[in-house]
Amino acid sequence: MKRIASIQDISCLGRCSLTVALPVISAIGVECAIVPTAVLSTHTMFQGFTCKDLSDQIRPIADHWEKEGFHFDALYTGYLASAEQIEDVCDFFDRFRSPDTLIFVDPAMADNGRLYPAFGPEFPREMAKVCAKADIVVPNLTEACLLTDTPYKPQFTEDEVKELLRKLCALGAKKAVLTGVGFTPTELGVMAYDPEKDEYFTYIVDHLPQHYHGTGDLFASCTIGAMMDGRSLEDALKVAVDFIIECIRITVASGKEKYYGVEFERAFPFLLKRLGKV
Ligand code: PXL
């Protein structure tokens, strides 16, 4: 069985980060070890959230794991609690990267044109150092703009998305994937770029024009899970987009007032079927 180490926070309630990564990756049939970067009462879009920064735990956990000789097929990072953690995470990559380890970075720090409340304006520069070490980076459009000093706007043309992808790879990432890409209000999908082959990949589908928090974490977890289950990046991206669309469809159809997240738990039968497991 493949093993991922995922480095991101535990938001105790709010369907994001590790409370999404663990169930999704486990359901796909891949082991998910965790390095929690912080414990928060909820994600930071709620008012009054608590946060215990766990920066002082990253190195001791890495020390123990290194001593035990654990091997990881992928290292997957998401929300990092503070700029102080950036160096520890880069060091973690250096210690656990082997020739067959995939470094997958979701620079979770912003959405809808704005940084998340816990971060200052210097944070994107720090996160760019983590992206520089990645085999694959998966930012949304806001994060990509912040990482590449590009002014944010709600709509980008296809040529502009391609330019953003090239700029992301110029940071040092081997491949870049942009999430939340659509050229009309009812389109949603991804575009990816492989600089070695100078090839773009696009998968955009029609969907209900509803926006839910936490879908980026769901998307990243599903993509790395499907890749560790043996799919190519392109196939994994298609599975992840289809899964998110199904999660949104189920959540909208439930008709209940929703103030956070999508009901991804109810889309697992779809995901397992989509992966050919049932
Ligand atoms: O979904 C990304 C995310 C992860 N973790 C925390 C967050 C957010 C987004 O707001 O606040 C703590």
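First things first, this report covers the structure right here in the doc.

### Here's the deal with the environment of V30
- Checked against the element boundaries, V30 lands in the loop between α1 (18-28) and β2 (31-42).
- Measuring from C-alpha to C-alpha, the distance between V30 and A226 comes to 8.8 Å, with 196 residues separating the pair along the chain.
- Excluding its chain neighbours within four sequence positions, the residues that come into contact with V30 are M1, K2, I4, I25, G225, M228 and D229.

### As for helix α2 (residues 55-68)
- S55, I58, A62 and W65 are the residues of α2 that are buried. The buried residues of α2 occupy one face: seen down the axis, they fall within an arc of 70°. What points out from α2, more than 90 degrees from its buried face, is the exposed set D56 and K67.
- With its phi angle positive at about 75°, G69 sits one or two positions after the end of α2.

### Remarks on the site of the ligand
- Around the ligand lies a shell formed by D9, S11, C16, S17, L40, H43, T44, M45, Y79, Y116, H213 and D217.
- Contacts to the ligand include H213, whose side-chain N or O atom sits 3.0 Å from an oxygen atom.
- At a separation of 2.8 Å, an oxygen atom of the ligand approaches a polar side-chain atom of D217.
- Contact with the protein chains hides 99% of the accessible area of the ligand, taken as 320 Å² for the molecule alone.
- In the shell around the ligand, the residues fall into five nonpolar, five polar and two charged.

Reading the values: rules and limits
Residues numbered from 1 in each chain as written. Predicted model: local features only at pLDDT ≥ 70, side-chain atom pairs only at ≥ 80, totals over all residues. Heavy atoms only, no water. Helix = DSSP H or I, 4+ residues; strand = E, 2+ residues; numbered from the N terminus. Contact = heavy atoms within 4.5 Å. Buried < 20%, exposed > 50% of the residue type's maximum accessible area, 1.4 Å probe, protein only. Arc of directions from axis to C-beta. Near = heavy atom within 4 Å. Polar contact = N/O pair within 3.5 Å; in protein donor to acceptor, adjacent residues only side chain to side chain. Areas by Shrake-Rupley, 256 points an atom, 1.4 Å probe, with all protein chains shown as cover. Nonpolar A, V, L, I, M, F, W, Y, C, P; charged D, E, K, R; others polar.

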